[in-house]
Amino acid sequence: MMDKAEKTRTPANGSGGGVMTDKEEDRTEEAVIRLDNRLDELERLHAFFEEIGVRSNWPDRLKFDMTLSCEELLTNTINYGFPQGGRHVITLSVQSLPAIVEIRLEDEGVPFNPLEFKEPDLSLDLEERTVGGLGIFFAKRLMNEFIYERTDTGNLVILRKTI
C-alpha cells in the first residue's frame, strides 16, 4: 500500500513561511496523494477528497464535483494508460485557495489528450451511443478550466474550479 497523503499548509501569499492564521480565507491547503494504477485505489481517492474537503471547508457539491472528475480521469488512466502492464504511480495534487481549487493529475502513461476526445452525442438513445467518453465529458463540464500538457515524463492534466 502506498504512503498516506502528504500534506502541507502555507500562507495564501505563497511565501511558504510565516505564521499560519486560523482564518479559513487566509490560508492555502495543499495535499498530494500517490496512487497505484489499480481500480481499488479509488477508495483512497474518495477518502483523500473527503479529508481535504473537510479541512478546506468545501461545500458538499464541490467535494462531489472534484471527486467525480478525478475518479473518471483516474479510471481512464488506470484502464488505458499503461498497456504494457506493470505497477505505475499516478500523482494527484490539490491546492485549495480561498476562491479556487486546482488539481494536477500526473502519470507516465501513453500520451492521451482528453481535450481531443470526441464528445458523446447526447441526442442519441443509449442503445445508439458508443461506449466511453462520458467521464471526460462530465469532468470538462464540472470544471471551470481543464488543461492538458504532455511533459517530458508523461501526461499532466490540470483542473481548476472556482469556489
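This text follows the structure it describes.
Residues numbered from 1 in each chain as written. Predicted model: local features only at pLDDT ≥ 70, side-chain atom pairs only at ≥ 80, totals over all residues. Heavy atoms only, no water.

With 30 residues, the main nonpolar core has F49, L92, V94 and I103 as its most contacted residues. Contributions of two or more residues to this core are made by β2 (27-36), α1 (42-55), α2 (60-80), β3 (89-96), β4 (100-107), α3 (134-142), β5 (145-150) and β6 (155-162). When sequence neighbours within four positions are dropped, the list of residues in contact with V94 reads E29, E30, A31, F48, F49, I52, W58, V101, E102 and I103. (Core = buried A, V, L, I, M, F, W, Y, C linked by side-chain atoms within 4.5 Å. Buried < 20%, exposed > 50% of the residue type's maximum accessible area, 1.4 Å probe, protein only. Helix = DSSP H or I, 4+ residues; strand = E, 2+ residues; numbered from the N terminus. Contact = heavy atoms within 4.5 Å.)

Now for unusual backbone geometry. For residues other than glycine, phi is negative in most cases, and the peptide bonds are mostly trans. In this model, N57 sits at a positive phi of 60 degrees, which is unusual for a non-glycine residue. Along the polypeptide, N57 turns up in the loop between α1 and α2.

What follows concerns the environment of N144. Along the polypeptide, N144 turns up in the loop between α3 and β5. Taking C-alpha positions, N144 is 7.7 Å from L159, a pair spaced 15 residues apart along the chain. Setting aside residues up to four positions removed in sequence, N144 forms contacts with R160, K161 and T162. Looking at N144, its side chain comes within polar contact range of the main-chain nitrogen of T162, at 2.7 Å. (Polar contact = N/O pair within 3.5 Å; in protein donor to acceptor, adjacent residues only side chain to side chain.)

Let us now look at the packing of aromatic side chains. With the rule as written, the count across this model stands at 3 aromatic pairs. With 5.5 Å between their ring centres and 75 degrees between their planes, F48 and F49 make a pair best called edge-to-face. Taken individually, F48 and F49 each receive the classification buried, so the pair is uniform in this respect. Taking 6.4 Å as the distance between ring centres and 35 degrees as the angle between the ring planes, the aromatic pair formed by F49 and W58 counts as tilted. Among the residues examined, F49 registers a relative accessible area of 0% and is labelled buried. W58 gets classed as buried once you look at its relative accessible area, which sits at 6%. Through a chain of ring-to-ring contacts, the aromatic side chains of F48, F49 and W58 assemble into a single cluster. (Phe/Tyr/Trp six-rings, centres within 6.5 Å; stacked < 30°, edge-to-face > 60°.)

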